[in-house]
Amino acid sequence: MRRLIEKIRNVAPRSKREGAKTTKTGRKPAPPRWRKPAVRTAAGISALAIVVGGPVWLWKSGIVENAVSTAWNAAIDASAEAGLTVEDVLLEGRRFSDRKEITQAAGLRRGMPILSVSLSSIRQRLIANPWIADASVERRLPSTIRIRLTERHPMALWQRSGKLALLDGEGKVIDGADLRKFRNLIILIGGSAPQNAGTLFAMLAAEPELARQVVAATRIGNRRWTLAFSNGIRVFLPESDPHLAWTRLATIDRRQKLLARDIKLIDMRLPDRMIVKPGALGAQILLRKGKNT
């Protein structure tokens, strides 16, 4: 019996020590250090998914899109009721383009909500017109749309494959133009004439008085120009520095009235000389003078 009691006494203090250890602390072992940052990261990712993914899902489902569209339409209707409607259209810069085509391209109607007008769409439709190089469209509240056109300027007729086409100042073809209105323009001949038209026009503009007598210009081998004047005289311009030759011709003509004479051809291809070939009457006069001497 004594041994049994001693055995219990020997065992009891050990159990008491273990229980005291648990009761004394009153808490569980500390969690690993990596757990808190991991929880924070997971929470952040979840929040981001809700913020970003939520609106995306709503937009894809059409909820937000429909709501925005409904709100916008309501605002447009309210603005129209408040008097923000199209009542006047100012059109500036139109000279050659057809007014009816411009009106149709603009697509504006009196009384339509002015805030519903897409200015960029109108501009895109306008510049699709072959006459229009550029256009600006402005909204002037409460009731005016202003359209300003920059038209392409017709400069010449280009002869190709037996047909004529209208060219602008940059040598670009203006499709659909009524050529009967531009019969007095200079005629350009040659496959490469349009590409070199800009430099030709600049050269002619330097001597406008002389340029008014030029009726045609032929591009020879994509190298140089031959000019035809209204009185039938032809002028061979040089390949290099034709501007200098053109200025020289204008100077001589002002001093000596060269183009008023009976001349068939003026060859200026050589830089140090000008070869002049007389016409039929001029040749006879020269021949007679030669016999008399």
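Treat the numbers as computed from the prediction; the structure is a model and nothing was measured.

Definitions and cut-offs
- Residues numbered from 1 in each chain as written.
- Predicted model: local features only at pLDDT ≥ 70, side-chain atom pairs only at ≥ 80, totals over all residues.
- Heavy atoms only, no water.
- Buried < 20%, exposed > 50% of the residue type's maximum accessible area, 1.4 Å probe, protein only.
- Helix = DSSP H or I, 4+ residues; strand = E, 2+ residues; numbered from the N terminus.
- Arc of directions from axis to C-beta.
- Phe/Tyr/Trp six-rings, centres within 6.5 Å; stacked < 30°, edge-to-face > 60°.
- Pairing = 2+ DSSP bridges.
- Right-handed = clockwise from strand over helix to strand, strands pointing away.
- Axes fitted to C-alpha atoms, helices over the stretch in contact; angles between N-to-C directions.
- Contact = heavy atoms within 4.5 Å.
- pLDDT = per-residue confidence, 0-100.

(A) Layout of helix H6 (residues 197-205). Looking only at H6, the buried set comprises Ala197, Leu200, Phe201, Met203 and Leu204. An end-on view of H6 places all buried positions within 160° of arc, on one side of the element.

(B) Geometry of the packing of aromatic side chains. Applying the stated criterion to the full structure yields 3 aromatic pairs. Taking 5.1 Å as the distance between ring centres and 15° as the angle between the ring planes, the aromatic pair formed by Phe96 and Trp131 counts as stacked. Note that Phe96 is positioned in the loop between strand S1 (88-92) and helix H4 (99-106) and Trp131 in the loop between helix H5 (119-127) and strand S2 (132-140), a separation of 35 residues in sequence. Residue Phe96 is classed as partly exposed on the basis of its relative accessible area, which comes to 23%. Note on Trp131 and Phe182: the rings are 6.0 Å apart at their centroids and 40° apart in plane angle, and the pair reads as tilted. Here Trp131, found in the loop between H5 and S2, pairs with Phe182, found in the loop between strand S6 (173-174) and strand S7 (186-189); they are 51 residues apart in sequence, far enough to count as distant.

(C) Representation of the pairing of strand S11 (residues 263-267). Counting buried positions along S11 gives 4 out of 5 residues, so the element sits mostly inside the fold. Sheet analysis places strand S10 (residues 234-236) next to S11, joined by 3 bridges and oriented parallel. Within S11, the position partnered with Phe236 by the bridge is Asp267. Crossover S10 to S11 through helix H8 (residues 242-256) is left-handed.

(D) The environment of Ile220, seen in detail. Considering the arrangement of structural elements, one finds Ile220 in strand S8 (residues 214-220). With a relative accessible area of 28%, Ile220 lands in the partly exposed category. Sequence separation between Ile220 and Ser192 is 28 residues; the distance between their C-alpha atoms is 8.8 Å.

(E) Local environment of the sheet that holds strand S3 (residues 144-151). Spatially, the 3 strands line up as an open sheet ordered S1-S3-S2, and their pairing is mixed. Two strands close off the open sheet at either side, each with one partner strand: S1 and S2. Strand-to-strand, the axes of this sheet are offset by a mean angle of 15°, without reference to chain direction. Note that S1 and S3 share 5 bridges and pair parallel. Its bridge partner lying in S3, Leu91 is registered against Ile147. The sheet strands contacting H5 are S2 and S3, and the helix crosses S2 at an angle near 155°.

(F) Focus on the confidence of the model for the protein chain. For the protein chain, per-residue confidence averages 81 on the pLDDT scale, and residues scoring 70 or more make up 71% of the total. Residue range residues 1-25 is modelled with pLDDT below 50. Its contacts to residues more than four positions away, or to other chains, number 1 contact. When the criterion is pLDDT under 50, residues 36-52 qualifies, and its contacts beyond four places in sequence or with other chains add up to 3 contacts.

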